[in-house]
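Spelled out, the chains give:
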Amino acid sequence: MKAPDFDYLRPANLDAALAMLAEHDGNAVPLAGGQSLMPMMNFRVAAPEVLIDLADVAELRGITRNGDHVRIGAMTRYVQLSKDPIILADVPLIGMALPHIAHDAIRNRGTIGGSLALADPAAEMPALMLALDAAIEVVGANGTRLIKADNFFLSYFETVLEKDELITAVVIPTASNTQSFGFCELTQRHGDYALAGVAVSRTDAKYRIAFFGVADRAVRVAALEDTVGDDLEKALAHLDEIEFTDDGKANAATRQRLAGVALTRALEEMTS
Amino acid sequence: MTGPAHIFDKPNRYIGKSSPRADAARLLQGRGKFVDDVTLPRMVHAAFLRSPFAHATITAIDTAEAKDAPGVIAIYTGHDLTDHVTPYVGVLTHLKGLRSAPQHPLAVDVARWQGEPVVMVIATSRALAEDACELVEVDYEELPAVVDTETALDADTPVIHPEFGNNLAWERDVVAGDIDAAFAASGVQVIDREFRFGRHTGVTLESRGTLCDFDPSENELTVYYSGQAPHMMQVIFATHLDLPEENVRVISNDVGGSFGIKIHTYGDEIATAAAAKLLKRPVKFIADRFESFVTDIHARDHVIKARIGVTNDGDIVGIDLDDLTGVGPFSMYPRTSAIECNQILNLTGAPYNLDNYRAKGRVVFQNKTLMCQYRGVGHPIAMAVADGLLDDAARAIGMDPVAVRHLNLMADDSYPRASATGMKLDDLSHQKALTKLTDIMDYKGLREKQTEDRKNGIYRGIGFVSMVEVTNPSPMFYGVGGASIASQDGATVRLDAGGALHVASSITEQGQGTNAILAQIAAGVFGVALNRVKVTTGDTKTTPYGGGTWASRGAGIGGEAMLQAAQALKDQVLAVAAVMLQTSADKLDIQDGAVTDPDGTLRLPLADLARTVYYRGNELPNDLNPELIATRHYRVTDFPFVFTNGAMAAHVEVDTATGFIKVLHFWAVEDCGRVINPLLVDEQIRGGVVQGIGGALYEECQYSEDGQMLNATMADYMVPMASEMPDITVAHIETPTKTSVLGAKGAGEAGTGGAPAAILNAVNDALSPLNASIWQMPMTPERVLNAIDAAK
Ligand SMILES: Cc1cc2nc3c(=O)[nH]c(=O)nc-3n(C[C@H](O)[C@H](O)[C@H](O)COP(=O)(O)OP(=O)(O)OC[C@H]3O[C@@H](n4cnc5c(N)ncnc54)[C@H](O)[C@@H]3O)c2cc1C
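Rules used in this analysis
Residues numbered from 1 in each chain as written. Chains lettered and ligands numbered in written order. Predicted model: local features only at pLDDT ≥ 70, side-chain atom pairs only at ≥ 80, totals over all residues. Heavy atoms only, no water. Core = buried A, V, L, I, M, F, W, Y, C linked by side-chain atoms within 4.5 Å. Buried < 20%, exposed > 50% of the residue type's maximum accessible area, 1.4 Å probe, protein only. Domains from an automatic or database assignment. Contact = heavy atoms within 4.5 Å. Salt bridge = Lys/Arg side-chain N within 4 Å of Asp/Glu carboxyl O. Helix = DSSP H or I, 4+ residues; strand = E, 2+ residues; numbered from the N terminus. Pairing = 2+ DSSP bridges. Axes fitted to C-alpha atoms, helices over the stretch in contact; angles between N-to-C directions. Buried area = accessible area lost by both parts, 1.4 Å probe. pLDDT = per-residue confidence, 0-100. Near = heavy atom within 4 Å. Polar contact = N/O pair within 3.5 Å; in protein donor to acceptor, adjacent residues only side chain to side chain. Areas by Shrake-Rupley, 256 points an atom, 1.4 Å probe, with all protein chains shown as cover.

## Quick look at the nonpolar core
All names here are of chain B.
Right, so step 1: Judged by nonpolar contacts, the single largest core of 164 residues is most densely connected at Met120, Ile122, Leu221, Phe237, Phe666, Ile759 and Met779.
Right, so step 2: There are two domains that each give this core at least three residues, and those are domain 2 (35–143 + 207–255 + 262–295) and domain 3 (298–475 + 638–791).
Right, so step 3: What Met779 contacts, discounting residues up to four positions off in sequence, is Ile661, Ala696, Leu697, Ile759, Leu760, Val763, Ile774 and Val784.
Right, so step 4: Ile517, Ala522, Leu624 and Val636 belong to the second-largest nonpolar core, a separate cluster that totals 56 residues.

## Here's the deal with the pattern of salt bridges
Right, so step 1: Across all of its chains, the model carries 65 salt bridges over all chains by this definition.
Right, so step 2: A salt bridge links Asp173(B) to Lys360(B); the nearest nitrogen and oxygen atoms lie 3.4 Å apart. With a gap of 187 residues between them, Asp173(B) in strand β7 (residues 168–176) and Lys360(B) in strand β15 (residues 356–364) connect regions that are remote in the sequence.
Right, so step 3: A single salt-bridge network, built from bridges that share partners, covers Arg44(A), Arg50(B), Arg126(B), Glu130(B), Asp131(B), Glu134(B), Arg208(B), Asp268(B), Glu269(B), Asp288(B), Glu291(B) and Asp296(B).

## Here's the deal with the sheet that holds strand β12 (residues 196–203) of chain A
The strands making up a sheet associate through hydrogen bonds between their backbones, and the pairing can be parallel or antiparallel.
Residue and element names in this part refer to chain A.
Right, so step 1: Taken in spatial order, the three strands of this open sheet run β11-β12-β13, and their pairing is antiparallel. Each end of this open sheet is capped by a strand with a single partner; those strands are β11 (179–186) and β13 (206–212). Put simply, the sheet's adjacent strands are angled 10 degrees from each other on average, direction ignored.
Right, so step 2: Of the strand pairs in this sheet, β12 and β13 are connected by seven bridges, and their pairing is antiparallel. Its bridge partner lying in β13, Ala199 is registered against Ala210.
Right, so step 3: Relative to the sheet, helix α8 (residues 124–131) contacts β11, β12 and β13, its axis offset from that of β13 by approximately 165 degrees.
Right, so step 4: Contacting β11, β12 and β13, helix α12 (residues 252–271) crosses the sheet at an angle of about 40 degrees to β12.

## Brief notes about the interface of chain A and chain B
Many analyses report the size of an interface as the accessible area lost when the parts associate.
Right, so step 1: Taken together, the 23 residues of chain A in the interface contact 30 residues of chain B.
Right, so step 2: Both faces combined, the contact of chain A with chain B buries some 2,300 Å², and carbon together with sulfur accounts for 52% of it.
Right, so step 3: Three residues, Met1(A), Gln188(A) and Arg189(A), lead the burial of chain A against chain B; their summed loss comes to 33% of the area buried on that side.
Right, so step 4: Seen at the junction of chain A and chain B, the total is six salt bridges.

## A word on the confidence of the model for chain B
Right, so step 1: Across chain B, pLDDT averages 96, with 99% of residues at or above 70.
Right, so step 2: Across the interface, the model reports ipTM at 0.97; the global pTM reads 0.97.

## Re the sheet that holds strand β12 (residues 283–286) of chain B
Residue and element names in this part refer to chain B.
Right, so step 1: The strand order across the open sheet formed by seven strands is β3-β5-β1-β12-β9-β10-β11, and the pairing between neighbours is mixed. Either end of the sheet is taken by a strand with one partner, and the two such strands are β3 (72–77) and β11 (248–251). On average, adjacent strands in this sheet sit at an angle of 20 degrees to one another, irrespective of strand direction.
Right, so step 2: Pairing of β3 with strand β5 (residues 117–123) involves five bridges; the strand directions are antiparallel. When the bridges of β5 are listed, Val72 appears paired with Ala123.
Right, so step 3: Together, β1 (44–50), β3, β5 and β12 form the strand contacts of helix α5 (residues 126–133), whose direction differs from that of β1 by roughly 30 degrees.
Right, so step 4: Sheet strands in contact with helix α7 (residues 230–241) are β10 (220–225) and β11, and its direction is about 145 degrees off that of β11.

## As for the site of the ligand
All names here are of chain A.
Right, so step 1: Lining the immediate environment of the ligand, one finds 30 residues, of which Pro30, Gly34, Leu37, Thr111 and Glu124 sit closest.
Right, so step 2: With respect to the ligand, the backbone of Pro30 contributes an N or O atom lying 2.5 Å from an oxygen atom.
Right, so step 3: Contact distances for the ligand include 2.6 Å between an oxygen atom and a backbone N or O atom of Gly34.
Right, so step 4: The fraction of the free accessible surface of the ligand (950 Å²) that becomes covered by protein chains is 88%.
Right, so step 5: Residue assignment for the shell around the ligand shows that the elements contributing at least two residues are β2 (28–31), α7 (112–118) and β10 (166–173).
Right, so step 6: Per element, the largest residue contribution to the shell around the ligand is four residues, and it comes from α7.

## Brief notes about the domain arrangement of chain B
All names here are of chain B.
Right, so step 1: As assigned here, chain B comprises domain 1 (6–32 + 488–634), domain 2 (35–143 + 207–255 + 262–295) and domain 3 (298–475 + 638–791).
Right, so step 2: Placing a centre on the C-alpha atoms of domain 2 and another on those of domain 3 gives a separation of 36 Å.
Right, so step 3: Contact residues are listed per partner, giving 32 residues for domain 2 and 27 residues for domain 3.
Right, so step 4: Of the roughly 2,600 Å² buried at the junction of domain 2 and domain 3 (both faces included), carbon and sulfur atoms supply 65%.
Right, so step 5: Remark: the boundary between domain 2 and domain 3 carries zero salt bridges.

Set out below in structure tokens:
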């Protein structure tokens, strides 16, 4: 379990990073917290020729509030999110989810941009972005794109991100007084990836509900969101629309059932 | 056996004291020296290309490109090593009928499990060796794999070793009394259950590792070996690499956990030694986690159909069981893979008065990782079957699980005696242990609370187990069957010129505190302060000959040898002191580093005595020949093994919506005879319980239908983690064994042996209002939900 040989580059700013990505034309990958990439390399599942470490790229750091949005730099680490007053006040859903993401050692290094770029279907961050109606800011040779989270994730570890693009930030609407949030994750051991989890945001009577750990990516079900305010039981029937994962930890039927339990519990917490 | 009373009640005795382990500070400061910390001049590294298939013919291997890769020193295939390593076969004569095929360190022509080493690459770094592995081309023709134990013996299932005609490795029947008649008697209820125990493994913090250093000038092989039986490995390396036994030195220091994993013959380790011998330079192999999961021995994997018969008053009339287990494509060498099944046949129901017993065991070959002895060997299964059935029966007749145990457990004054299967039992305390258990857990209070909780839809359960543990094995365990595995152990105690003790023992330290208890025994029995004892273990060149630490034997056997050696040295020192002080030895004692009068009055510091002996022998009479070193050996003689007993209870809550199980609290009352260090024994029990909970709730090696292990990473294979573990309350009953002066029995495996049964019973108690029950481990959320659904 030793990574194959690779080159290591450490650009000082965003332009340099993008230039390096372009120069290596698909053979280089960005390195953020390394909490997923390094294990994959050690397993020889990933074998990039070049690593471009984003640690020194100042443009990718920082959490700011601009009017009704909060902007989180891609290289912001979980541990920074967990202590940031803007996040705790204006994006409370992130604060609710963080304790469920792995363990301290991983939260010290793992980044929000890394998690979104990886697009692990069991990860929390992609689902949070869906529930929060966030946009993902992406920069590449062709300039900057702002992509709705709803359009960003394609499948298992697959996003719309091009090889020469970097995630630079996420942009999230600040929480308003009329909003409330719910979160529930079912794991047998604390810090594990979810058997089923859900992130909920409610604005007046409108819900955005994103499930994770249940399918090939974080998913919302429109019909479920539309009915859940009136009739939970009926809403849960719409879980049928998800193609649930079937693996050694739980089969599809169990996952569907657990997704229903997670949502029920998240909603109970919101009203209690 | 009895010894001088003052061994245990002297002022500066250490036996029975909770002294912290001396090596804890060293290990916590990162000063441990595990195999991977050792670097030798000219050292190179081994990496293995392993079979991606569970069963395949190897039709061609092309190493040409890999040979030219950067850093590559040598490449070996199975055929390359057949001239240098003799094959090994994992059978023992006392396991009658057990068969297995010759095994080679690297697969020869056929690969029989996913992960079997096929090609070894030696390079200047592990990374380069792994790079070169990717350039080796192996052509396989996939063969149908035998995966499912339940069809392994079917006529149309392919046979893994055609010469055997079928996939049966071993079978045994045990019959006592007349079970059919007992079950047919009027007023007897018979409960029938099918138990399934998943395959799991012992995940050691330090993975397997060997560093083999061959010196051609002396024809000597030195092996830094992460393992628990150095002398056994010495014989194995010598025998199969054609070296004189005395020319092989095995060093096992430090060892980061073992649990029975590191006590077997692994092809990659033997191949590493062969490479060192062929290349005449040091070769290191450290298993990575993937390699650990697909090559470290697995354990359990049993399907057991079992019945218990009870009268309406709760008397057990008999137990009948049929065990089927799969052990991989070979029986593991040299301990064999039939022991777990054998233990189940021997131990099921052993705590209880039982006249009628019938057990059938079948061990089959399959194309999965080899199985062998992991912490608890058979105990968790035997206990879960007997006590699972017993609680089920108690529910059926409306009896309390504690009452039904008190009724059926052997009486504390009924020993010595035999179990239904003929096991010799002595010095056990089942009744006392159960009483103490229900006291410390406040059983009555818990039951009252349980009833309250149920009204609120909270499903909590209380589960018990009364258990025995096989410890301190005699030669009847392995030696009798022809294995070169020592059942006796030795200890040497030497008085230094400065008045300190240097002690050496053939038992080993793999994290449980062996060295600490050896020092305690030596210091207390001889009479010096604990910090004046230096301990050497884990080196075939510098310690007496012996078995090592496994089967909960270290403290009981190695500890007794140390006690005897320390006592012998004390007698020798006092003989010298008597001459020097012109008195008689029986008027002297050794206390706190000095020869004293019996009342403790200082007569002669040990350093003064030793310096006189070592430096100024001219001051001593010519006919006095002082021996300031003593060695003693000890083995268990009157019994095949020394049984311990315990009673444990679990309190769990089942989330009936998710199937999740939370263990709220665990209690263990253990009788391991004399407790040498309560701190260490309690941690052994706790660690064991945690591994037991792992088997009950989390751990399972999952395989696909074609024999691929699906969860061979730490992310997918779930070990128990601290945040989910309950508080574990430990209490003791001390019934010393009469087989030794020390009186210590083993304690290392009790928790693992007992916990699964207690958890199973607690879960089924919690589910009982739903009329649901579960009989499969691990009890995953999905299985719990299925059990609840099945009752609807
Ligand atoms: C034991 C363990 C447990 C874990 N448990 C959880 C868990 O419960 N939930 C969870 O969500 N995660 C979990 N993780 C994963 C962890 O959260 C990772 O940190 C995260 O998924 C990836 O973030 P990273 O910064 O480490 O990214 P890296 O590992 O550095 O990179 C991941 C991928 O993203 C790419 N990438 C990184 N940054 C950018 C960027 N700015 N633009 C474009 N591409 C980029 C990389 O090239 C790589 O392909 C766990 C990890 C471990 C080791």
